[in-house]
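A look at the structure
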Amino acid sequence: DDEIRVLILTGAGRGFCSGVDLTDSGAGGPGLSSQNFRLDELDWMGRQALAVYGLNKPTIAVSNGIAAGAGMSLALACDMRVGSEKSRFKTVFLERSNSTDAGMSFFLPRAIGYPRAADLIFTSRMVEAEEAYRLGLLDRLFPHDQLMEEAIKLAKEMALWPPLALRSAKRVLQHNSEAHLEEALRYETTGLVYSRRAPEDVLESSLSFKEKRPPKFTGN
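A brief report on the enclosed structure follows. (Residues numbered from 1 in each chain as written. Predicted model: local features only at pLDDT ≥ 70, side-chain atom pairs only at ≥ 80, totals over all residues. Heavy atoms only, no water.)

Soluble globular proteins: nonpolar side chains tend toward being buried together. Core analysis: the largest hydrophobic core is formed by 25 residues, its most contacted members being M72, F89, L108, L120 and L137. When residues of this core are traced back to their parent elements, those giving at least two are α1 (44-53), α2 (70-77), α3 (104-112), α4 (114-123) and α5 (129-135). Take this core: its biggest share by element is 5 residues, from α2. With near-sequence residues (within four places) excluded, L120 lies in contact with M72, T91, L108, I112, R125, V127, L135 and L137. The next biggest cluster of nonpolar side chains, apart from the first, holds 11 residues, and it includes M80, V82, F142 and A151. (Core = buried A, V, L, I, M, F, W, Y, C linked by side-chain atoms within 4.5 Å. Buried < 20%, exposed > 50% of the residue type's maximum accessible area, 1.4 Å probe, protein only. Helix = DSSP H or I, 4+ residues; strand = E, 2+ residues; numbered from the N terminus. Contact = heavy atoms within 4.5 Å.)

What follows deals with the pattern of salt bridges. Counted under the stated rule, the structure contains 9 salt bridges. The partner of D79 in a salt bridge is K170, with the nearest N and O atoms 3.0 Å apart. On the criterion of sequence distance, the pair formed by D79 in the loop between α2 and β4 (80-83) and K170 in helix α7 (residues 163-176) is long-range, its members being 91 residues apart. We classify D79 as partly exposed; its relative accessible area is 33%. In this structure, E150 engages K153 in a salt bridge whose closest nitrogen and oxygen atoms are separated by 3.6 Å. You can see E150 and its partner K153 sitting in helix α6 (residues 147-159), 3 residues apart, about one turn around the helix. Of the residues examined, E150 reaches a relative accessible area of 16% and is grouped as buried. Accessibility expressed as a relative area gives 42% for K153, which makes it partly exposed. Salt bridges sharing partners connect three or more residues here, namely D119, R125 and E131. (Salt bridge = Lys/Arg side-chain N within 4 Å of Asp/Glu carboxyl O.)

As summarised here, the arrangement of the 3 strands in space is β3-β5-β6, forming an open sheet in which the pairing is mixed. Two strands in the sheet have a free side with no partner beyond their single neighbour: β3 (66-68) and β6 (127-128). Strand direction decides the pairing type here: strand β5 (residues 88-90) and β6, joined by 2 bridges, are antiparallel. Bridged to F89 within β6 is V127. Against the sheet, α2 touches β3 and β5, its axis set at about 100° to β3. (Pairing = 2+ DSSP bridges. Axes fitted to C-alpha atoms, helices over the stretch in contact; angles between N-to-C directions.)

Now for α6. A rise of 1.5 Å per residue sets the reference length of α6, with its 13 residues, at 18 Å; its end C-alpha atoms lie 18 Å apart and thus fit the reference within 8%. What α6 keeps buried is the set L147, E150, A151, L154, A155 and M158. Down the axis, α6 shows its buried residues gathered within 140° of arc, on one side only. Facing away from the buried surface of α6 by more than 90 degrees, the exposed residues are E149 and K156. In this fold, the buried residues of α6 make contact with β1 (7-10), β2 (59-63), β4, β7 (140-141) and α7. (Expected span 1.5 Å × (residues − 1). Arc of directions from axis to C-beta.)

Position of V52 relative to the elements: it lies in helix α1. Overall, the relative accessible area of 14% leaves V52 in the buried class. With 25 residues separating them in the primary sequence, V52 and A77 have C-alpha atoms 6.1 Å apart. Those residues within four positions of V52 in sequence are excluded, and the remaining contacts are L9, T59, L74, A77, C78 and K170.

Here it is in structure tokens:
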């Protein structure tokens, strides 16, 4: 939906997401075995990680409580994470005799660095809000009763900008986190060209600056 410029993900209950259902009837219950997977295929959690990470607009995870296991991976797949004093994170996988899943091994080291990621995965310890903010699991920390209000305010700040430029900025940022310098510079140029394919927004950016007024971008 091109009318939506920023996506906010949050939990409908007391937490963000506690991960895979471990009951007998759940996707991660006793009925799940290694025979259900092939190493060259993505499971549904992998497809979820790809869908969120690959979305062509900014995503904000609003951590309103516990984010554990695949739920933590889902939060990490978003471009930013905001939380409150009730936010908590736990990798969980080793406790369930599992290796990491749902993109955890990709997202976590990029968010907080390899040694800290190893700490959280190998110990499976709980990370409370203040430490999460300090480590970089959370990018903004707000009082819980203001959490969604502040997240929406942040999303509106992003949504002010030209949609094509915003999409291009995300694509270039993701690509260049893996690229060497020359490749990154070339990809930036490609992104710059793409971001200026909306002539009305390009003109509006210039006019609003000259006229000293807030811009109004339409994506055209």
